[in-house]
Amino acid sequence: MSTRSTAQKAEKLFVESARKLQQGDAAGARRGLEKVAKFAPNSPAVWYNLALAGQHLGLHSKAVREYEKSLGLSPKQPDAEVNLALSYKHLGDARAALSAVNRALTIAPGHPRALNLLGSLQAESGDAETSLEAFRTAVASDPANAEARQNLANALKDSGNPEEALEVLGPLLDQPGTTREQKELFGLILLDLRRFDRMQALLKELKAQYPNDEGVLILEMSFCEMVNDHFSVIDIAQEILAMSPENARAWNSLGSAYFQLDSTEKAKDAYQKAIEYDPEHPEYRNNIGLAHASLGEKDQAESNYRSAIALNGGYIEAYRNLIAMRKFRSLDDPDAKALETMWAENGHSDKSRCKLAFALGKIYDDCGLYDRAFETYDIGNELKSREIDMDFDQYFGHIDRIIDVLDRPPAVHSDVIPGRPRPIFVLGMSRSGTTLVEQIISRHPGVTGCGELPCIERAISRLEKIHGRMRVYPDDFPALPVEALNTETREYLDWVSRLHDMSTACFTDKMPFNFLHIWLIRALFPNASIVHCHRHPLDVIVSNYFQLFGSEINYVYNLDILSRYYIRHYRLMQHWHKVFPGEIYKVQYEALVADNEKQTRMLVEGAGLEWDEACLDSSRSGAAVRTASIWQVRQGIYTSSRERWRHYEKHLAPAIRILQKEGILDGDLNYLD
């Protein structure tokens, strides 16, 4: 066969192979191009297309060699350099990938694909600021580049700019053929913006379009985490794990839902699974540290917090948890020095600086540097307040409405279900001693400590929306039918049994905010005991103001709002004691720590229990503790927190004026009740 004929056949085969490549037949294209390469070994186009076919088939090692042959024959090919970089990236050679991208940009400085890949490489290396700029330049160079636009939107979201992220992503959402990944990113941005109604509509759309899709389920799980629907998180996480047992993200979410519902052993087991499948994730280490801490396992907790910090030296949340479990005597302590160094650094986001402020304030408080502590806590509270968008006047009006509407005992109540455990509700202001009181009660051999259960709030939501017609709380609740109450009582008890291994006749629910709902508690559980925890108002206010809560307790970050909330609590509890005379046992925190044995005996009786000496045994394990009181209650009864407010009296002047005007404090700052 003549040389000309061979060349013609090679040319024809090259054209056919290129067409196959365009049509998606990478394997067929590669077979043809391998033959062409034998006839035309000096053709950069042949080696380029052969590499491209190999890249489509995942043959990245071969693709690297073939792109390099093409570039050796024709060096100034920016597309070849970008594709070479992609194969290096797939092979895990970030340095070689970055070199290839930079060569592409030297040849074509505004190359959109090169800029987009540069941004991805920089993001993976942890250089978020530089990667963001690269993505911006890529989109500016080619606004129609969907991948670059999506990457920029994602980077903006991660950098705390969800509004701009939505603006960048918008053009992709307006086009036909929007991908699932783009819709999922849209959902994550909506979560950051707390646009929950739009998010629910998007989830409905995605679930209809992609039923049982793992990515969609993870997005739905993230939404449920955001709105604190821990029960749904458990169900969704278990659905994901049935499909993908090694999904560390789902195991972590399952653990966090169990932890928030005070099912701590189950939480610890789930976190351990997350670590098993992703041992280098600092969040999982931090979370299992919290579970160990909740169970009083101090050494294991500290070990995991320090492991999280070793994995990410700037992981402020792990530092904050570590500092919470320690008592500081000097600012020369290495952990104190580390926090002060971080505090002095620039570049922290407001959220990070807020967490640092609360951690550092605790150190200063431990060391007796009270003015410095309050000033630092003030900064943290101010930063946290900026995140909160809430109409407190409307909220306080709602609490006042409860007093106006629920002014007599329920006309009907749920039936007591034989054989089911009896609840003991421990309630009051947060930081009023509810954790200590639950610890004492749950030492009783006939009681299981279940911690803070969100079941009453969940019952309100269901009663408003599910049973027959829409209702408004509290206005429509006096007319609730007994059938609806019976349904919610069973739902509550079923969830408690699901979360905890119940083998006792009684259990505790120490959700402090149940003080708002004593009328409904009485309607659902006519046989329940209710224990009201009370503490000096200024100690309550200081303790709340110095705490960065994990849950959405929004009223504590401003002294004026916190004082007004305390007034609502005070008025409402006075109201409940009148509506249910003799049915609510009141325990005074200061009396409990001053005369523990006498007050404990009275408390046990007030909880409807027979006396048992175990209730005085502080070494006996009570309920798991996941609240801010965790290490205090593990120390047993102690008195150092009494009148803590006196260290901060001058700083509390605004709160003192409000409470004195209401008649809660007298001129000597004694509380009147």
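As shown above, the structure is provided for reference.
The sections below set out a description of the structure shown in this document. (Residues numbered from 1 in each chain as written. Predicted model: local features only at pLDDT ≥ 70, side-chain atom pairs only at ≥ 80, totals over all residues. Heavy atoms only, no water.)

This structure, assessed with the given rule, holds 25 aromatic pairs. Centroid distance Phe-392 to Phe-396: 6.1 Å. Interplanar angle 40°. Geometry classified as tilted. Of this pair, Phe-392 and Phe-396 both sit in helix 23 (residues 392–405), separated by 4 residues, roughly a single helical turn. What makes Phe-392 buried here is its relative accessible area of 11%. The interplanar angle of 35° and the centroid separation of 6.0 Å between the aromatic rings of Tyr-395 and Phe-396 together place this pair among those described as tilted. For Tyr-395, a relative accessible area of 23% gives the class partly exposed. (Phe/Tyr/Trp six-rings, centres within 6.5 Å; stacked < 30°, edge-to-face > 60°. Helix = DSSP H or I, 4+ residues; strand = E, 2+ residues; numbered from the N terminus. Buried < 20%, exposed > 50% of the residue type's maximum accessible area, 1.4 Å probe, protein only.)

We now examine the packing of helix 16 (residues 264–277) against helix 17 (residues 282–294). Where helix 16 meets helix 17, the axes come as close as 9 Å, and the angle between the chain directions of the two elements is 155°. By the criterion of interaxial angle, the relationship of helix 16 to helix 17 is roughly antiparallel. With respect to the hand of their crossing, helix 16 and helix 17 are arranged in left-handed fashion. Here Thr-264, Lys-268, Tyr-271, Gln-272, Ala-274 and Ile-275 of helix 16 lie close against helix 17, whose contacting residues are Tyr-284, Arg-285, Asn-287, Ile-288, Ala-291, His-292 and Ser-294. (Axes fitted to C-alpha atoms, helices over the stretch in contact; angles between N-to-C directions. Parallel < 35°, antiparallel > 145°, perpendicular 65-115°, else oblique. Left-handed = near helix turned anticlockwise from the far one by under 90°. Contact = heavy atoms within 4.5 Å.)

Attention now goes to helix 15 (residues 248–260). Taking 1.5 Å of rise per residue, the 13 residues of helix 15 would be expected to cover 18 Å, and the 18 Å separating its terminal C-alpha atoms lies within 8% of that figure. Summarising burial for helix 15: 10 of the 13 residues are buried, a large majority. Within helix 15, the full set of buried residues consists of Ala-248, Ala-250, Trp-251, Asn-252, Ser-253, Leu-254, Gly-255, Ala-257, Tyr-258 and Phe-259. The elements touched by buried residues of helix 15 are helix 13 (214–226), helix 14 (230–243), helix 16, helix 17 and helix 26 (482–499). Following helix 15 by one or two positions, Asp-262 has its phi on the positive side, about 60°. (Expected span 1.5 Å × (residues − 1).)

Okay, the sheet that holds strand 5 (residues 584–588) next. The sheet built from 5 strands is open, its strands ordered 2-3-1-4-5 with parallel pairing. What marks the edges here is a single partner per strand, and that holds for strand 2 (447–449) and strand 5. The average undirected angle you get between the axes of adjacent strands in this sheet is 25°. Pairing of strand 1 (residues 422–428) with strand 3 (residues 506–509), which is carried by 4 bridges, proceeds in the parallel orientation. In the strand pairing of strand 3, Arg-422 is matched with Cys-506. Packing of helix 24 (residues 434–442) onto the sheet brings it into contact with strand 1, strand 2, strand 3, strand 4 (529–534) and strand 5, and relative to strand 1 it is tilted by some 155°. Packing of helix 29 (residues 559–579) onto the sheet brings it into contact with strand 1, strand 4 and strand 5, and relative to strand 4 it is tilted by some 140°. (Pairing = 2+ DSSP bridges.)

Summed over the entire model, instances satisfying the criterion amount to 47 salt bridges. For Lys-207, the salt bridge is made with Glu-220, and the minimal N-O distance between the two is 2.9 Å. With Lys-207 in helix 12 (residues 196–209) and Glu-220 in helix 13, this pair connects stretches of sequence that are 13 residues apart. By relative accessible area, Lys-207 is classed as partly exposed at 37%. The closest approach of N and O atoms between Arg-564 and Asp-393, which form a salt bridge, is 2.5 Å. One end of the pair, Arg-564, is in helix 29; the other, Asp-393, is in helix 23, and 171 residues separate them in sequence. With relative accessibility at 22%, the residue Arg-564 sits in the partly exposed group. By relative accessible area, which is 53% here, Asp-393 ends up exposed. Residues joined by salt bridges that share partners form a network here, namely Glu-302, Arg-306, Arg-326, Asp-333 and Asp-335. (Salt bridge = Lys/Arg side-chain N within 4 Å of Asp/Glu carboxyl O.)

Looking now at helix 8 (residues 128–141). The first and last C-alpha atoms of helix 8 sit 20 Å apart over 14 residues, in line with the 20 Å expected at 1.5 Å per residue. Turning to helix 8, its buried residues are Ser-131, Leu-132, Ala-134, Phe-135, Ala-138 and Val-139. When helix 8 is viewed along its axis, its buried side chains cluster within an angular range of 160° and face the same direction. Turned more than 90 degrees away from the buried face of helix 8, the exposed residues are Glu-129 and Ala-140. Where helix 8 is buried, its residues contact helix 7 (112–124) and helix 9 (146–158). (Arc of directions from axis to C-beta.)

Turning to a positive patch on the surface, a few remarks are in order. On the surface, Arg-19, Lys-20, Arg-31, Lys-35 and Lys-38 cluster together to form a positively charged patch. At the level of secondary structure, the elements contributing two or more residues to the positive patch comprise helix 1 (3–22) and helix 2 (26–39). Take the positive patch: its biggest share by element is 3 residues, from helix 2. Taking the relative accessible area as the measure of exposure, Arg-19 reaches 41% and is therefore partly exposed. (Patch = residues over 30% accessible without salt bridge, like charges linked within 9 Å, V, L, I, M, F, W, Y side chains within 5 Å. Areas by Shrake-Rupley, 256 points an atom, 1.4 Å probe, with all protein chains shown as cover. Lys, Arg positive; Asp, Glu negative; His and termini not counted. Charge placed at Lys NZ, Arg CZ, Asp CG, Glu CD.)

Tracing the backbone shows Thr-489 in helix 26. In the structure, Thr-489 is positioned 70 residues away from Gly-419 in sequence and 13 Å away in space, judged by C-alpha atoms. Sequence-distant contacts of Thr-489, that is, excluding residues within four places in its chain, are made with Ser-414, Ile-417, Leu-524 and Phe-525. Within the structure, the side chain of Thr-489 is placed 3.0 Å from the backbone oxygen of Leu-524, a separation counted as a polar contact. (Polar contact = N/O pair within 3.5 Å; in protein donor to acceptor, adjacent residues only side chain to side chain.)

The subject of this paragraph is the nonpolar core. By size, the foremost hydrophobic cluster in this structure holds 184 residues, and its most contacted members are Phe-425, Tyr-492, Leu-520, Tyr-555, Tyr-565, Trp-576 and Leu-652. Ranked by residue count, the leading element in this core is helix 29, at 11 residues. Residue contacts for Tyr-492: discarding those within four places in its chain leaves Phe-425, Leu-453, Cys-455, Ile-456, Phe-507, Asp-509 and Phe-525. Of all hydrophobic cores here, the second largest spans 20 residues; its members include Tyr-585, Val-593, Leu-603 and Leu-609. (Core = buried A, V, L, I, M, F, W, Y, C linked by side-chain atoms within 4.5 Å.)

Moving on: the packing of helix 29 against helix 33 (residues 653–662). Packing of helix 29 against helix 33 brings their axes to within 9 Å, and their N-to-C directions diverge by 25°. As summarised for this structure, helix 29 and helix 33 are arranged roughly parallel, according to the angle between their axes. In this structure, helix 29 meets helix 33 at a crossing whose hand is right-handed. Note on element contacts: helix 33 touches helix 29 through Ala-655, Ile-658, Leu-659 and Glu-662, opposite Asp-560, Ser-563, Tyr-566, Ile-567 and Arg-571.

With that out of the way, let us pick up unusual backbone geometry. A cis geometry characterises the amide bond from Tyr-473 onward to Pro-474, with omega recorded as 5°. Looking at the secondary structure, you find Pro-474 in the loop between helix 25 (455–465) and helix 26. A positive phi angle, near 60°, is found at Asn-212, a position not held by glycine. Secondary-structure assignment places Asn-212 in the loop between helix 12 and helix 13. Classification of Asn-212 as exposed rests on a relative accessible area of 57%.

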